[in-house]
Amino acid sequence: MKVCKGHLKVKTSIVLFASKTNSSERGLIFLDPELGNYTSTTHPSFKIEKGAKYIYTCPICHSQLNSAKYNHLVRIIMVDDAGKQYDIYFSEIGGEKCTFKIRGSKIEKQGPDTKKYDKYFEVPEEDRKYL
Ligand SMILES: [Zn+2]
């Protein structure tokens, strides 16, 4: 699967394209890159519906960002100010609050809904490279 390396961070937001499944509703979504901050901004004509499933794509290369391996999670790559790269996973389900920030074997998690997905990340170290 193609992995997007696009620079999705615009000023203080991560900008993604979201489209609701089984619906024509779609639009840009601006996420706060701070782990555990679930503020997101969309155009007033496009509202994220609680409990609905969204397909997230990169607005630059149109790669689909929903994880092929982890059902209901979306993966983006984030590079911090020091140039370190992290995998960020968040839920494709509207209103769910969970974020996983992963670098090597180090996992940070935030949000009350992470417990639904904890099982994905309890894997032996030697299998990590296949994730
Ligand atoms: Zn991209």
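Criteria and cut-off values
Residues numbered from 1 in each chain as written. Predicted model: local features only at pLDDT ≥ 70, side-chain atom pairs only at ≥ 80, totals over all residues. Heavy atoms only, no water. Phe/Tyr/Trp six-rings, centres within 6.5 Å; stacked < 30°, edge-to-face > 60°. Helix = DSSP H or I, 4+ residues; strand = E, 2+ residues; numbered from the N terminus. Buried < 20%, exposed > 50% of the residue type's maximum accessible area, 1.4 Å probe, protein only. Pairing = 2+ DSSP bridges. Axes fitted to C-alpha atoms, helices over the stretch in contact; angles between N-to-C directions. Polar contact = N/O pair within 3.5 Å; in protein donor to acceptor, adjacent residues only side chain to side chain. Contact = heavy atoms within 4.5 Å. Core = buried A, V, L, I, M, F, W, Y, C linked by side-chain atoms within 4.5 Å. pLDDT = per-residue confidence, 0-100. Salt bridge = Lys/Arg side-chain N within 4 Å of Asp/Glu carboxyl O.

Describe the packing of aromatic side chains, and please don't skip the residues or the numbers.
Both the distance between ring centres and the angle between the ring planes are used here to describe each pair of aromatic rings. Evaluation of the coordinates by the stated rule reveals nine aromatic pairs. For the ring pair Phe-100 and Phe-121, a centre distance of 4.4 Å and an interplane angle of 35° mean the geometry is tilted. With Phe-100 in strand E8 (residues 99–103) and Phe-121 in the segment after strand E9 (106–110), this residue pair connects regions lying 21 residues apart in the sequence. Neither residue differs from the other here; Phe-100 and Phe-121 are each classed as buried. Among the aromatic residues, those joined into a cluster by ring pairs are Tyr-70, Tyr-89, Phe-100, Tyr-117, Tyr-120 and Phe-121.

Which residues make up the sheet that holds E9, and what are the values?
Taken in spatial order, the four strands of this open sheet run E6-E7-E8-E9, and their pairing is antiparallel. Of all the strands in the sheet, the pair left with one neighbour each is strand E6 (73–79) and E9. Taken over all neighbouring pairs, the strand axes of this sheet differ in orientation by 20° on average, direction set aside. Relative to strand E7 (residues 85–91), E6 runs antiparallel, the two sharing seven bridges. Considered in E7, the bridge of Val-74 is made with Phe-90.

So what's going on with the side chain of Asp-87? Residues and values would help.
Positionally, Asp-87 belongs in strand E7. We classify Asp-87 as buried; its relative accessible area is 19%. A distance of 2.9 Å separates the side chain of Asp-87 from the side chain of Arg-75, its partner in a polar contact. Residues contacting Asp-87, with those up to four places away along its chain left out, are Arg-75, Ile-76, Ile-77, Phe-100, Lys-101 and Ile-102.

With reference to specific residues and values, describe the nonpolar core.
Formed by 18 residues in total, the largest nonpolar core has its most connected members in Leu-16, Tyr-56, Leu-65, Ile-76 and Phe-90. Looking at this core, the elements with two or more residues in it are strand E2 (13–20), strand E3 (26–31), strand E5 (54–57), E6 and E7. Excluding residues within four positions of it along the chain, Phe-90 makes contact with Leu-16, Leu-31, Tyr-56, His-72, Leu-73, Val-74, Ile-76 and Cys-98. Grouped together as the second largest cluster of nonpolar side chains are ten residues, Tyr-70, Leu-73, Ile-102 and Phe-121 included.

Describe the confidence of the model for the protein, with residues and values.
Predicted confidence across the protein gives a mean pLDDT of 86, with 85% of residues reaching 70 or more. Across the protein, the secondary-structure element scoring lowest on mean pLDDT is strand E1 (residues 9–10), at 67, and the one scoring highest is E5, at 96.

Could you give an account of the pattern of salt bridges, with specific residues and numbers?
Counted according to the given criterion, the structure contains eight salt bridges. In this structure, Glu-108 and Lys-106 form a salt bridge, with 3.7 Å as the shortest nitrogen-oxygen distance. For Lys-106, a relative accessible area of 55% puts it in the exposed group. With its nearest N and O atoms 3.7 Å apart, the salt bridge here joins Asp-113 to Lys-116. Using a relative accessible area of 16% as the deciding quantity, one classes Asp-113 as buried. Given a relative accessible area of 41%, Lys-116 falls into the partly exposed group. Through salt bridges with shared partners, a single ionic network connects Lys-20, Glu-25 and Glu-49.

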